[in-house]
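What follows is the residue order along each chain.
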Amino acid sequence: MSNRKIGLVVLAVASLYAGHAVAQEGNWRDGRKVFAKCKTCHSFAEGKTLFGPSLAGVFDRKAGTAPGYSYSGAMQAKNAAGLVWSDETMDAFLTKPKAFIPKTKMKFPGLSDAQDRANIIVYMKRRASR
Ligand code: HEC
């Protein structure tokens, strides 16, 4: 391969990675739209239970610890195992809740789009930490 060709290949690979990085960065406004799918079951108001627990302060906290909410045995087992909600664990859970926590009582199929997940996580952090 000529030097010029190698240069082009390097450029193409570099731009692929750059594109990937941009796609992973969350945008809270888009995340708010994605959260419409969660609204019937989750509030960000402290202690407000809908079908699911309040998401107030959910990040950096152990799973299954919203005050006054009766979690499934599956979520309690994750709590006992030390699961904490971070960007990574939230992303894994929201991809397919029933795969990440078999027998969870959260009846939601998941968000298959990585960009939707990145966006909703930024939005949730913004709302949950107020
Ligand atoms: C049909 C109602 C429903 C929908 C829709 C729903 N959830 Fe849930 N969610 C639940 C229930 C019920 C639980 C408790 C699960 C358990 O105890 O196993 C839960 C648990 C959670 C938890 C764990 C909270 C904690 O305190 O550990 C998070 C985070 C969460 N949901 C986020 C979301 C997000 C984000 C969406 C939308 C993409 C969503 N949920 C959609 C009902 C729902």
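Below, the structure is looked at part by part. Every value quoted in this text rests on a predicted model; they were computed, and no experiment measured them.

How each quantity is defined
For every chain, the first residue of the written sequence is number 1, and numbering continues from 1 along that sequence. Only residues with pLDDT of at least 70 get local features here, since the model is predicted, and only at 80 or more are side-chain atom pairs given and counted; chain-wide, interface and lining totals rely on the full set of residues. The basis for the side-chain values is all heavy atoms of the structure; hydrogens and waters are excluded. Residues are classed as near a molecule or strand on a simple rule: at least one heavy atom within 4 Å of it. For the purposes of these results, a polar contact is taken to be a pair of N or O atoms within 3.5 Å, where, inside protein, one atom must be able to donate a hydrogen and its partner to accept one; residues adjacent in sequence count only when each atom of the pair is a side-chain atom. Detection works on a 1 Å grid of protein atoms alone, calling trapped sets that fit a 1.4 Å probe cavities and calling open sets with protein on both sides within 12 Å along at least five of seven lines pockets, with lining residues defined by an atom within 4 Å of a point. For this analysis, a molecule is said to be in a pocket or cavity if more than half of its atoms are within 2 Å of the grid points defining it. Under the scheme used here, helices are H or I runs from DSSP no shorter than 4 residues and strands are E runs no shorter than 2 residues, and both carry numbers assigned from the N terminus. Only nitrogen, oxygen and sulfur atoms qualify as donors, provided they sit within 2.8 Å of the metal or within 3.2 Å for Na, K and Ca; with water excluded from the atoms, sites may seem incomplete. All geometry calls rest on donor angles, where a four-donor set with angles between 85 and 135 degrees is tetrahedral, four- and six-donor sets with opposite donors more than 155 degrees apart and all others between 65 and 115 are square planar and octahedral, and all else is irregular. For each residue, the accessible area found with a 1.4 Å probe, counting protein chains only, is set against the maximum for its type, and the residue is called buried under 20%, exposed over 50%, and partly exposed in between.

### What to know about the site of the ligand
Taken together, 27 residues form the shell around the ligand, and within it Cys 38, Cys 41, His 42, Ser 72 and Met 106 come nearest. Within the backbone of Lys 105, one N or O atom sits 3.0 Å away from an oxygen atom of the ligand. Taking a 2 Å distance to the grid points as the criterion, the majority of the atoms of the ligand fall inside the largest pocket. Contributions of two or more residues to the shell around the ligand are made by α4 (87-95) and α6 (114-128). For the shell around the ligand, the leading source of residues is α4, giving 3 residues.

### Brief notes about unusual backbone geometry
Unusually for a residue other than glycine, Asp 60 sits at a positive phi of about 65°. Within the element layout of this structure, Asp 60 appears in the loop between α2 (28-35) and α3 (73-80). In this structure, Lys 103 takes a positive phi of about 75° despite not being glycine. For Lys 103, the position within the fold is in the loop between α5 (97-100) and α6.

### A short note on the coordination of the iron atom of the ligand
The coordination sphere of the iron atom of the ligand, as far as protein atoms go, consists of His 42 (NE2) and Met 106 (SD), spread over 2.0 to 2.2 Å. Coordination geometry of the iron atom of the ligand: the 6 donor atoms subtend angles of 87 to 178° at the metal centre, consistent with an arrangement described as octahedral. Residue His 42 is located in the loop between α2 and α3, and its partner Met 106 is located in the loop between α5 and α6; the two are separated by 64 residues in the primary sequence. Judged by relative accessible area, His 42 falls into the buried class, the value being 13%.

All quantities given are derived from atomic positions and should not be read as evidence of function.
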